[in-house]
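Topology and contacts: notes
Chain residues, written in single-letter form:
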Amino acid sequence: MKTFTVAVYGTLKKGFYNHSFLKNSEFLGTGISHKRFILGHYSYPAVVPGEEGAPIEVEIYRVDEKTLKNLDYLEGYPTFYTRSLEKFKLNGEEVEAFIYHLPREREFFIWKRPESDTPHRWTEKGWIPVE
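Residues numbered from 1 in each chain as written. Predicted model: local features only at pLDDT ≥ 70, side-chain atom pairs only at ≥ 80, totals over all residues. Heavy atoms only, no water.

**What to know about the overall build of the protein chain**
A tally of helices and strands in the protein chain yields one helix and 10 strands. When the helices and strands of the protein chain are read in sequence order from the N terminus, they spell out β-β-β-β-β-α-β-β-β-β-β. For 131 residues, the compact-globule estimate of 2.2 N^0.38 gives 14 Å, and the C-alpha radius of gyration of the protein chain, at 14 Å, lies within 12% of that figure. Overall size of the protein chain, expressed as C-alpha extent along the three principal axes, is 40 × 35 × 25 Å. Counting every position in the protein chain, which comprises 131 residues, the buried fraction comes to 48%. In the protein chain, once contacts between residues fewer than 6 apart in sequence are set aside, the share between residues at least 24 apart is 67%. Accessible area for the protein chain stands at about 7300 Å²; split by element, carbon and sulfur atoms hold 48% of it. Charge-centre separation for the protein chain: the mean point of 18 positive side chains lies 4 Å from the mean point of 19 negative side chains. (Helix = DSSP H or I, 4+ residues; strand = E, 2+ residues; numbered from the N terminus. Rg over C-alpha atoms; globule rule 2.2 N^0.38 Å. Buried < 20%, exposed > 50% of the residue type's maximum accessible area, 1.4 Å probe, protein only. Contact = heavy atoms within 4.5 Å. Areas by Shrake-Rupley, 256 points an atom, 1.4 Å probe, with all protein chains shown as cover. Lys, Arg positive; Asp, Glu negative; His and termini not counted. Charge placed at Lys NZ, Arg CZ, Asp CG, Glu CD.)

Printed below as a string of structure tokens:
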């Protein structure tokens, strides 16, 4: 069976309302992106790659092909969100995983540019620095 590695940062994380999409997937751990992202939210979080952003904290999962297709549908890939293979630090090692992000900023989101090396995580209260 073919598998894929996926990094999630918002409503797909444990404790959030879309986590059920990952119920049959293997949790590999919590990681930090190498790339910086501009942080956004509306009624859900979003990120856009950008140097004026910050690294983000993600949960990393191994998923099967059916789950990846379901995630693509949920995220509106490729018409709303895009999906790219990025590098993350996980348990002291570098791993590659797919991450869903917007290709550009959207007007109706509230955007934050922390310009920081401090990773940020999505919580019920919005984006916060990881302590």
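**Let's talk about the sheet that holds strand β3 (residues 37-41)**
With antiparallel pairing, the three strands of this open sheet are ordered in space as β4-β3-β8. The open sheet has two edge strands, β4 (45-49) and β8 (110-112), and neither has a second partner. Put simply, the sheet's adjacent strands are angled 30° from each other on average, direction ignored. In the sheet, β3 pairs with β8 via three bridges, with the strands oriented antiparallel. The partner of Leu 39 across the bridge, within β8, is Lys 112. (Pairing = 2+ DSSP bridges. Axes fitted to C-alpha atoms, helices over the stretch in contact; angles between N-to-C directions.)

**Observations regarding the packing of aromatic side chains**
Here the structure, examined in full by the defined rule, presents 12 aromatic pairs. On the numbers, 6.4 Å between centres and 45° between planes, the contact of Phe 4 with Phe 98 is tilted. Of this pair, Phe 4 sits in strand β1 (residues 3-8) while Phe 98 sits in strand β7 (residues 93-101), placing them 94 residues apart in sequence. The two residues Phe 4 and Phe 98 agree in class, both being buried. (Phe/Tyr/Trp six-rings, centres within 6.5 Å; stacked < 30°, edge-to-face > 60°.)

**Re helix α1 (residues 65-75)**
Listed as buried for α1 are Thr 67, Leu 68, Leu 71, Asp 72 and Glu 75. Across the axial projection of α1, the buried residues extend over an arc of 145°, all falling on one side. Summarising the geometry of α1, the exposed residues directed more than 90 degrees from the buried face are Lys 66, Lys 69 and Tyr 73. The inward-facing, buried residues of α1 abut β1, β5 (57-64), β6 (82-90) and β7. Structurally, the start of α1 carries an N-cap: the backbone nitrogen of Lys 66 is 3.3 Å from a side-chain oxygen of Asp 64. Where α1 terminates, the next one or two residues include Gly 76, which has phi positive at roughly 70°. (Arc of directions from axis to C-beta. Polar contact = N/O pair within 3.5 Å; in protein donor to acceptor, adjacent residues only side chain to side chain.)

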